[in-house]
Amino acid sequence: MEWIKLDLQFFSGEKTEKATPKKKQDSRKKGQVAKSADVNTALSLLTIFLSFLFIGAFMKDKLLLLMTGMFQDYLLMDITDENIQDLFITLAYQAGMILAPIMGVALVAGVVSNYMQVGFLFSTEAIQMKLNKLDPIKGFKRIYSMRAIVELLKSLLKISFVGFVTFFVLWLDIDSILRLSQLTVEQSFRFIASLTVKMGLFASGALLFLSLLDYLYQRYDYEKNLRMSKQDIKDEHKKSEGDPLIKSKIKQKQREMAMRRMMQDVPTADVVITNPTHYAIALKYDETKMDAPFVVAMGVDLVAQKIKQIAKDNEVMTVENRPLARALYAQVDIGQAVPEEFFQAVAEIIAYVYQSKSII
């Protein structure tokens, strides 16, 4: 029996439950989300090579302009202190004109791919300096962990798959490649550019396919790492909703305070209608507050006895009316006016009370 008890205690700490929305939200605030870096790389490569289909002519013109200037003008130029700065600015500007479209496309693709995976997220938790990351023992464990082995296998798979796709594209154009020596420089340049774009599109498409599989794995690994034990869920519930014992004590204090306030209003009542032993309803008529008599206190059993005792101590008249007491307790709350169907019965009782007081 002792062994069974220990075994149950062990399994109660297993993280077998899905993460709660609060756990996921807290993890997101720390920058921990399900994300694949391969998706960013694949989309960036795919959009860059696709952009070559539209901006290729522009880049070719700019590249030819740069090369023409270098071979016709800059190679024959005398380099001096005066013209070296202008030469550097000119070359940097022309290189920037060539690279700017590619960098812009890569930037947009990177932002879009990140947004598709995690949405809008800004967190400084991931870049904070943590001294425990410098621990060589933990670093050794990270290098030789199961996750590191999985990442190695993924890298080998990507290299093999993308390499095969690229080789297949080259193999399909092997005849044209072998005839390159028979083409002019311009024709060779055009063919190599076209082949490069084709290989890039196929390779990035293959990488995109692998990245989708990697994203599914990253999501599974993320959900697995966020799993909680039943005790974790209970502890989180206590923190978010409050300890049930504390909540019950708070509610008890609130009931006691409400009871004290109610008992303080009993001496101001005009009459207490009783069952006579189980119910007590204290009524007051104040035309400045309401057009009809309203309930200032009510209760059953011990509370009813206490209301009657306070009424007796403060010379508030008590009138026995069993049906009316039960009906008022069932249909009216403290602070509410008496319903219209009870106006006549209550009015007769209050009139009797006022008449009794005037006689006294």
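This is a predicted model, so every value here is computed, not measured.

### Let's talk about the overall build of the chain
Okay, step 1: Helix and strand content of the chain: 13 helices and four strands.
Okay, step 2: When burial is assessed residue by residue, the chain has 28% of its 360 residues classed as buried.
Okay, step 3: Excluding contacts between residues fewer than 6 apart, the proportion of contacts in the chain whose partners are at least 24 apart in sequence is 76%.
Okay, step 4: Approximately 25,400 Å² of the chain is accessible, and the part contributed by carbon and sulfur atoms is 64%.

### Section: the pattern of salt bridges
Okay, step 1: In total, this model carries four salt bridges according to the counting rule given.
Okay, step 2: The shortest N-O distance in the salt bridge between Asp-214 and Lys-154 comes to 2.4 Å. Taken together, the positions of Asp-214 in helix α8 (residues 185–225) and Lys-154 in helix α6 (residues 146–172) put the pair 60 residues apart, joining distant regions of the chain. One exposure class covers both Asp-214 and Lys-154, and it is buried.

### A closer look at the nonpolar core
Okay, step 1: Of all hydrophobic cores here, the largest spans 19 residues; its most connected members are Leu-283 and Leu-328.
Okay, step 2: Elements supplying a minimum of two residues to this core: β1 (271–274), β2 (279–284), β3 (294–300), α12 (322–331) and α13 (343–359).
Okay, step 3: Non-local contacts of Leu-328, meaning those with residues more than four positions away in its chain, are made with Ile-273, Ile-281, Leu-283, Met-298, Val-338, Pro-339 and Phe-342.
Okay, step 4: Counting 15 residues, the second largest nonpolar core, distinct from the first, contains Val-272, Phe-294, Val-296 and Val-316.

### Brief notes about α12
Okay, step 1: Inspection of α12 places Leu-324, Ala-325, Ala-327 and Leu-328 among the buried residues, and these make up the whole buried set.
Okay, step 2: The N-capping residue of α12, defined by a side-chain oxygen 3.2 Å from the backbone nitrogen of Leu-324, is Asn-321.

### Remarks on the packing of aromatic side chains
Okay, step 1: A complete count under the given rule lists five aromatic pairs for this structure.
Okay, step 2: Their ring planes at 85° and their centres at 5.7 Å tell us that Phe-49 and Phe-52 sit as a pair that is edge-to-face. On the criterion of helical spacing, the pair formed by Phe-49 and Phe-52 is a turn pair, its members being three residues apart in helix α3 (residues 37–72).

### Notes on a nonpolar patch on the surface
Okay, step 1: On the surface, Leu-63, Met-67, Met-70, Phe-71, Leu-75, Leu-76 and Phe-189 cluster together into a nonpolar patch covering about 740 Å² of accessible area.
Okay, step 2: The element best represented in the nonpolar patch is α3, accounting for four residues.
Okay, step 3: As for its placement among the helices and strands, Leu-76 is situated in the loop between α3 and α4 (84–118).

### Regarding the pairing of β3
Okay, step 1: Counting buried positions along β3 gives six out of seven residues, so the element sits mostly inside the fold.
Okay, step 2: Where β2 lies against β3, six bridges are found, and the strand directions are antiparallel. Its bridge partner lying in β3, Lys-284 is registered against Phe-294.

### As for unusual backbone geometry
Okay, step 1: Here the phi dihedral of Asp-301 falls at roughly 55°; this positive angle occurs in a residue that is not glycine.
Okay, step 2: Looking at where Asp-301 falls in the secondary structure, it is placed in the loop between β3 and α11 (302–313).
Okay, step 3: The partly exposed category is assigned to Asp-301, whose relative accessible area is 41%.
Okay, step 4: We note that Glu-315 has phi near 60°; this positive angle belongs to a residue other than glycine.
Okay, step 5: By the secondary structure assignment, Glu-315 is in the loop between α11 and β4 (317–320).

### A closer look at the pairing of β1
Okay, step 1: Here β1 shows two buried faces, one formed by Val-271 and Ile-273 and the other by Val-272 and Thr-274.
Okay, step 2: Pairing geometry for β1 and β2, over four bridges, is antiparallel. Bridge assignment links Val-272 to a residue of β2, and that residue is Ala-282.
Okay, step 3: Across four bridges, the pairing between β1 and β4 is parallel. The partner of Ile-273 across the bridge, within β4, is Val-319.

### Observations concerning the UniProt feature "transmembrane region" (unreviewed entry) in the chain
Okay, step 1: Under the UniProt annotation, "transmembrane region" (unreviewed entry) lies at residues 37–59, 91–112, 148–171 and 191–217.
Okay, step 2: Between the end C-alpha atoms of residues 191–217 there is a gap of 39 Å, over a span that is 100% helix and 0% strand.

### Some remarks on the packing of α3 against α4
Relative orientation and spacing of two packed helices are given, respectively, by the angle between their axes and the distance between those axes.
Okay, step 1: It is the contact of α3 with α4, at a shortest axis distance of 9 Å, that shows an interaxial angle of 170°. Taken together, the axis directions place α3 and α4 in an arrangement best described as roughly antiparallel.
Okay, step 2: Its residues assigned to classes, the contact of α3 with α4 comprises 20 nonpolar, nine polar and one charged.

### Structural notes on the environment of Leu-65
Okay, step 1: Mapped onto the secondary structure, Leu-65 falls in helix α3.
Okay, step 2: Judged by relative accessible area, Leu-65 falls into the partly exposed class, the value being 48%.
Okay, step 3: For the pair Leu-65 and Gln-94, spaced 29 residues apart in sequence, the C-alpha separation works out to 8.4 Å.

### Section: the sheet that holds β2
Okay, step 1: Ordered in space as β3-β2-β1-β4, the four strands form an open sheet in which the pairing is mixed. Two strands in the sheet have a free side with no partner beyond their single neighbour: β3 and β4. Ignoring strand direction, the axes of neighbouring strands in this sheet form an average angle of 20°.
Okay, step 2: Its contacts with the sheet place α11 against β1, β2, β3 and β4, and it is angled at close to 130° to β3.
Okay, step 3: The strands that α12 touches are β1, β2, β3 and β4; relative to β2, the one it contacts most, it runs at about 80°.

What counts and what doesn't
- As a convention, each chain's residues are numbered from 1 in the sequence order in which they are written.
- In view of the model being predicted, local features appear only for residues whose pLDDT reaches at least 70, and side-chain atom pairs are presented and counted only at 80 or more, with totals across whole chains, interfaces and linings using the full set of residues.
- Side-chain metrics in this entry use all non-hydrogen atoms of the structure; hydrogen atoms and water are not considered.
- Segments assigned H or I by DSSP are reported as helices when at least four residues long, segments assigned E as strands when at least two residues long, and all are numbered from the N terminus.
- The cut-offs for exposure are 20% and 50% of the maximum accessible area for each residue type, with area from a 1.4 Å probe on protein chains only; residues under the lower value are buried, those over the upper are exposed, and the others partly exposed.
- Contacts: residue pairs with any heavy atoms within 4.5 Å of one another.
- With residues, only the protein chains shown are counted as cover, and all accessible areas are computed by Shrake-Rupley using a 1.4 Å probe.
- In the sections that follow, a salt bridge refers to a side-chain nitrogen of Lys or Arg positioned within 4 Å of a carboxyl oxygen of Asp or Glu.
- Definition used in this section: a nonpolar core is a set of buried Ala, Val, Leu, Ile, Met, Phe, Trp, Tyr and Cys residues joined via side-chain atoms within 4.5 Å.
- For this analysis, a polar contact is any N or O atom pair within 3.5 Å, provided that within protein one partner can donate a hydrogen and the other can accept it, and provided that sequence-adjacent residues contribute only side-chain to side-chain pairs.
- Pairing of aromatic rings covers Phe, Tyr and the six-membered ring of Trp, with a centre-to-centre limit of 6.5 Å; geometry is then stacked below 30 degrees between planes, edge-to-face above 60, and tilted otherwise.
- A patch consists of residues whose relative accessible area exceeds 30% and which take part in no salt bridge; residues with like charges are grouped when within 9 Å of each other, and nonpolar side chains (Val, Leu, Ile, Met, Phe, Trp, Tyr) when within 5 Å.
- Two strands make a pair as long as DSSP finds a minimum of two bridges between them.
- UniProt positions are given in the numbering used here, feature names are shortened, and annotations may be inferred rather than shown by experiment.
- Here the axes come from fitting lines to C-alpha atoms, over the contacting stretch only for helices, and the angles between their N-to-C directions go from 0 to 180 degrees.
- Oblique is the label for any angle not under 35 degrees, not over 145, and not in the 65 to 115 range, which are roughly parallel, roughly antiparallel and roughly perpendicular in turn.
- All amino acids are sorted into three groups, where Ala, Val, Leu, Ile, Met, Phe, Trp, Tyr, Cys and Pro are nonpolar, Asp, Glu, Lys and Arg are charged, and the leftover types, Gly among them, are polar.

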